[in-house]
Amino acid sequence: MSEIKTVSLLRGDDLTHFKQVIRRIKDSLGDASMAELNTKVLDGEATNLETLTADCIAMPFLTEKRLVVVERANGMLAKVNKEEQPKWVQFLEQLPETSLLVLLVEDTRKKEKGQWLWESAKTYDWLLKWVKSHPGLVELIDCSLPNQNEMPAWIRKQAKSQGGEILINAAS
């Protein structure tokens, strides 16, 4: 991840990958204690646009940026009806430069008609359309666990990233 975008949409079922991306974003904020002080974590099941707006417009304390993470953002995004979508789009487009917003959408890939699709993408399809039209403002990061065929290589990669090694037969 090179440049940190104002909005990061993380979707998938690899919660470890979610944590790694959030760690990299927090590290970009500078001093760890200041980053922690300037990080707000919200539960998407209980968050609405007003609460999110208030947290995103709050000024950071002794640092340049403030990080707002919405866990289980599916719950929040699924409630956005067609009439409310313009308000949400306006909110996203007018986020202050001092805020970084991370939306964690737990979703699972499934194979349908020979193509990999996200199971609940329809519930946040309006957001995906906006994401595609704003590449300079938002980053979409897919964080899916590997499928059965990809799993042995993934296990070896994870072991190596943690300073270990695992034989291919042990990973399969």
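So, here is what we can say about the structure in this document. (Residues numbered from 1 in each chain as written. Predicted model: local features only at pLDDT ≥ 70, side-chain atom pairs only at ≥ 80, totals over all residues. Heavy atoms only, no water.)

Okay, the state of the cysteines next. As enumerated under the stated definition, the model contains zero disulfides in all. Distance from the sulfur of Cys56, which forms no disulfide, to the nearest cysteine sulfur (Cys143) is 19 Å. (Disulfide = S-S within 2.5 Å.)

This brings us to the pattern of salt bridges. According to the stated counting rule, one finds seven salt bridges in the structure shown. Taking the shortest distance from any N to any O, the salt bridge between Arg11 and Asp142 comes out at 2.6 Å. Within this pair, whereas Arg11 is found in strand S1 (residues 7-12), its partner Asp142 is found in strand S7 (residues 138-143), the two being separated by 131 residues in sequence. Looking at Asp142, the relative accessible area reads 39%, which means it is partly exposed. We note a salt bridge from Lys26 to Glu36, for which the minimum N-O separation is 3.0 Å. Within this pair, whereas Lys26 is found in helix H1 (residues 15-27), its partner Glu36 is found in helix H2 (residues 32-37), the two being separated by 10 residues in sequence. (Salt bridge = Lys/Arg side-chain N within 4 Å of Asp/Glu carboxyl O. Helix = DSSP H or I, 4+ residues; strand = E, 2+ residues; numbered from the N terminus. Buried < 20%, exposed > 50% of the residue type's maximum accessible area, 1.4 Å probe, protein only.)

A word on the environment of Ala54. Secondary-structure assignment places Ala54 in helix H3 (residues 49-57). Under the relative-accessibility criterion, Ala54 is labelled partly exposed at 44%.

Once that is clear, we can look at the sheet that holds S1. The strands making up a sheet associate through hydrogen bonds between their backbones, and the pairing can be parallel or antiparallel. Spatially, S2-S3-S4-S1-S7 is the arrangement adopted by the five strands of the open sheet, whose pairing is parallel. The sheet terminates laterally at strand S2 (39-43) and S7, the two strands that pair on one side only. Across the sheet, the mean angle separating the axes of adjacent strands is 15° when strand polarity is ignored. In this fold H1 packs onto S1, S2, strand S3 (66-71), strand S4 (99-106) and S7, with an angle of close to 175° to the strand it touches most, S4. (Pairing = 2+ DSSP bridges. Axes fitted to C-alpha atoms, helices over the stretch in contact; angles between N-to-C directions. Contact = heavy atoms within 4.5 Å.)

Attention now moves to the nonpolar core. A general feature of soluble globular proteins is that nonpolar side chains tend to end up buried together. Formed by 28 residues in total, the largest nonpolar core has its most connected members in Leu52, Leu101 and Leu127. Looking at this core, the elements that each hand over two or more residues are S1, H3, S3, helix H4 (73-78), helix H5 (85-93), S4 and helix H6 (125-132). It is H6 that provides the largest number of residues to this core, a total of five residues. Aside from chain neighbours lying at most four places away, what touches Leu127 is Leu9, Leu77, Leu92 and Leu103. Grouped together as the second largest cluster of nonpolar side chains are 14 residues, Phe18, Leu67, Leu100 and Leu104 included. (Core = buried A, V, L, I, M, F, W, Y, C linked by side-chain atoms within 4.5 Å.)

For the rest of this paragraph, the subject is the packing of aromatic side chains. Overall, the coordinates contain two aromatic pairs when judged by the stated rule. Judged by centre distance (6.3 Å) and plane angle (85°), the rings of Trp88 and Phe91 are edge-to-face. One end of the pair is Trp88 and the other is Phe91, both in helix H5 and three residues apart, which spans about a single turn. Exposure remark for Trp88: the relative accessible area of 6% places this residue in the buried category. Take Phe91: its relative accessible area is 9%, and that puts it in the buried class. With 6.3 Å between their ring centres and 65° between their planes, Trp88 and Trp126 make a pair best called edge-to-face. In this pair, Trp88 sits in helix H5 while Trp126 sits in helix H6, placing the two residues 38 residues apart along the sequence. (Phe/Tyr/Trp six-rings, centres within 6.5 Å; stacked < 30°, edge-to-face > 60°.)

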